[in-house]
Amino acid sequence: MSKKIRKILKIFLFVILIGVFAVSISVGVFTVYHPQAVIDRLQPLVPSVTPVPLKMKGIAVLGDSQSDEYRADDNRGDNYPSATKNWVELLAKVRGTDFGEWGDWGEPRRTGFEYNWARSGATARSLIESGQHTGVAQQVKEGKLNVVILFIGALDFAPYITQDDYGAIYNNNLSDPDKKSKINRVIADIKTAVYAIKDAGEVRILLVKIPDWGNHLGVQVAYPFPDQRAQVSEVVKDANAEIDKLAQEENLQTVDPNELYNDLFYKNGSAKITVDGVPLERLLLNNNPRNFYLSDGVHTGTVINGFLANTILDKLNTMISNRILPFSEIEIRQAAGL
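Residues numbered from 1 in each chain as written. Predicted model: local features only at pLDDT ≥ 70, side-chain atom pairs only at ≥ 80, totals over all residues. Heavy atoms only, no water.

Help me out: how do you make sense of the pairing of strand S5 (residues 204–208) in this one?
With respect to burial, S5 is a largely interior element, 5 of its 5 residues being buried. Of the two faces of S5, the one carrying Arg204, Leu206 and Val208 and the one carrying Ile205 and Leu207 are both buried. Summarising the sheet, strand S4 (residues 147–151) and S5 pair through 5 bridges and their orientation is parallel. Its bridge partner being in S5, leucine 150 is matched across the sheet by leucine 207. Pairing between S5 and strand S6 (residues 253–255): 3 bridges, direction parallel. Bridge pairing in S6 places valine 208 opposite valine 255. (Buried < 20%, exposed > 50% of the residue type's maximum accessible area, 1.4 Å probe, protein only. Helix = DSSP H or I, 4+ residues; strand = E, 2+ residues; numbered from the N terminus. Pairing = 2+ DSSP bridges.)

Pasting the structure below:
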């Protein structure tokens, strides 16, 4: 190798070493003076740890009337008692899922399964005020259960429930800061419940997102302008995005009932809903198990609860080792007495 070439190589190596040293110094200074910025940049590169599935002992529920037992104090179904069940009752009756013993537990639960704290009329705030979360946390500490489903928020965005309800958003009575404040309050209460339960022991938590009332035909009639309904939908989407964020931070699973309802409504051009070949009625409001809604026009019938249970099981079964077999359409039809 000639002297000229060796000299060029030495210069080239020297330049590389200087560059590496300069980069090392700059990174060091950046790290010293901006450690959080470095952490923020590296955080997306750190994969989240998926909790190992555990063997489910018992399962608790927090929420509102969609999860509060239909066949208890509320006596839903009236003239069709044997055919009217919600998703909790279906899992308990058909699959033997352990929601605890049936009994009269007093306030705030009244009559129902021992681990089901859901209460008709509950909002995210009243869930906290009534102590649903602390009751479940205590049962976790006692070793009675190790799986929890939190399904709350529907009434926070329902018509005619709160001052900043569906109608207030629909009618543009809330400013953007007001909407953000509402979302923050709901999410803060959900976080309070999640943190209390996680601190109680080894537990798996499944979050059910907030349903959009804009999917309800009655709401579409009462609030007829699509653009204004879309405004409410956006607020609900923003709230659900925060639930997704919480789930990611705490390694939880989520279920979106809106995806289920959209699939049921729009999976074919005629929007006909069937179960094992039996068509369902979406418009009439009575307790006939062929109907989508019960006579109150708010709560879904047994068939829809069967579909909801399967949607929940789809995620729940990733969290537990003793998995629960989803319902077949034949089983859902038979449970509804069709």
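Explanation requested: the packing of aromatic side chains in the structure shown.
By convention here, two paired aromatic rings are described through the distance between centres and the angle between planes. Per the stated rule, a full pass over the model turns up 6 aromatic pairs. Between tryptophan 102 and phenylalanine 113 the ring centres are 4.9 Å apart and the planes differ by 90°, which places this aromatic pair in the edge-to-face class. On the criterion of sequence distance, the pair formed by tryptophan 102 in strand S2 (residues 102–104) and phenylalanine 113 in strand S3 (residues 111–113) is long-range, its members being 11 residues apart. Ring geometry for phenylalanine 292 versus tyrosine 293: centroids 4.7 Å apart, planes at 55°, classification tilted. We classify phenylalanine 292 as buried; its relative accessible area is 1%. We classify tyrosine 293 as buried; its relative accessible area is 7%. (Phe/Tyr/Trp six-rings, centres within 6.5 Å; stacked < 30°, edge-to-face > 60°.)

What am I meant to see in the side chain of lysine 182 here?
Inspection of the secondary structure assignment puts lysine 182 in helix H7 (residues 176–198). Judged by relative accessible area, lysine 182 falls into the buried class, the value being 3%. Polar contacts involving the side chain of lysine 182 include one to the main-chain carbonyl oxygen of aspartate 156, which spans 2.5 Å. (Polar contact = N/O pair within 3.5 Å; in protein donor to acceptor, adjacent residues only side chain to side chain.)

So what exactly am I meant to see when it comes to helix H3 (residues 87–95) here?
For H3, every residue scored as buried is listed here: Trp87, Val88, Glu89, Leu90, Leu91 and Ala92. Turning to H3, the residues buried within the fold contact strand S1 (59–63), S3, S4, helix H11 (302–316) and helix H12 (329–335). Residue asparagine 86 occupies the N-cap position of H3, its side-chain oxygen lying 3.2 Å from the main-chain nitrogen of valine 88. Two residues or fewer after H3 comes glycine 96, characterised by a positive phi angle close to 70°. (Contact = heavy atoms within 4.5 Å.)

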